[in-house]
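Listed here are the chains, written in short residue letters.
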Amino acid sequence: METGRREVKGADLIASLWAQARALGTMVLDQLYPPACAVCAAPIADGQGICGACFARLGSITAPLCLVLGIPFDVSLGDDAVSAEALADPPPFSRARAAVRYGEIAQALVTRLKYGDRTELAPFCARLMSGAGHDYWSAKPLLVPVPLHASRLRFRRYNQSLLLAQALGRQLGLDVDPHLLKRHRKTRSQIGLSGDGRARNVQGAFVAHADALVRLRGRRVVLVDDVYTTGATVKAATRALLRGGASGVDILTFARVVRGDEDPI
């Protein structure tokens, strides 16, 4: 018994010393390389985000919005209001939510996260996403990132959607399954394609894991991605998840393109 206590105390001491060493290392790095805004490089207190000026220009998406697609309305039409887009072309998923509009600041953050090895931005983006998806969490859903094709993953070395899903999982205490959905067909980049072109490009590109029913265990899925543009990718992924046995699918992205805003994609 005494040996066990000594082992626990020893482990606690090691953990404490390791935490102190990491804190000291962070302080040294902050002195050598002061934390800066990920967008404009202005000095900030926390090196994992953006400055107040850039945050003010981020363009958060809040109510009133479409119950289904999460598109922001200019005026309140009621809590159950549905946009014309959702009525004209009902999506296979239940709801879609995004934290911010895809504008200049959001584009800079996504670009740095996605292509610039700024993986430390994932927790910052995930904190905003957790608020946008607040209606989802009471159901304790399974978080599933939109996957990359194996060849693209080898080129990029990481999947930004998985980083976002993992950060959300840690913040909310939710499970993440990075292998429930597979991108088994290589597709060209969606950039520059029309809405119909995007839909054709990803048609049949996803398949659910053969043991999806066992892995799901009756839970809903929240499909996580970085940007919602036309919805072609998440719609194709949702259909694969529903075929695999998901009881329902909701979408959560960091940013979304809003009609009327400048579309930089």
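Residues numbered from 1 in each chain as written. Predicted model: local features only at pLDDT ≥ 70, side-chain atom pairs only at ≥ 80, totals over all residues. Heavy atoms only, no water.

A few points about unusual backbone geometry
Logical step 1: Residues Ala63 and Pro64 are joined by a peptide bond in cis, for which omega reads 5 degrees.
Logical step 2: Looking at the element boundaries, Pro64 is found in the loop between α2 (52-56) and α3 (84-88).
Logical step 3: Located in the positive-phi region is Lys140, a residue other than glycine, with phi close to 50 degrees.
Logical step 4: When you line up the elements, Lys140 lands in the loop between α5 (121-132) and β2 (142-145).
Logical step 5: Phi at Arg217 takes a positive value of approximately 50 degrees, unusual for a residue other than glycine.
Logical step 6: Relative accessible area serves as the criterion here: at 60%, Arg217 is assigned to the exposed category. (Helix = DSSP H or I, 4+ residues; strand = E, 2+ residues; numbered from the N terminus. Buried < 20%, exposed > 50% of the residue type's maximum accessible area, 1.4 Å probe, protein only.)

Structural notes on the packing of aromatic side chains
Logical step 1: The full count for this structure, using the stated rule, is 2 aromatic pairs.
Logical step 2: Each ring, one from Phe93 and one from Tyr228, has its centre 6.4 Å from the other, and the planes form 85 degrees; the classification is edge-to-face. Here Phe93, found in the loop between α3 and β1 (95-101), pairs with Tyr228, found in strand β5 (residues 221-228); they are 135 residues apart in sequence, far enough to count as distant.
Logical step 3: Judged by its relative accessible area of 5%, Tyr228 falls in the buried class.
Logical step 4: Geometrically, the ring pair formed by Tyr136 and Trp137 is edge-to-face, given 5.8 Å between the ring centres and 85 degrees between the ring planes.
Logical step 5: Given a relative accessible area of 3%, Tyr136 falls into the buried group.
Logical step 6: Lying across the ring of Tyr228, Arg256 places its NZ or CZ 4.3 Å from the centre. (Phe/Tyr/Trp six-rings, centres within 6.5 Å; stacked < 30°, edge-to-face > 60°. Lys NZ or Arg CZ within 6 Å of the ring centre and 35° of its normal.)

The quantities given are spatial measurements derived from coordinates; they are silent on function.
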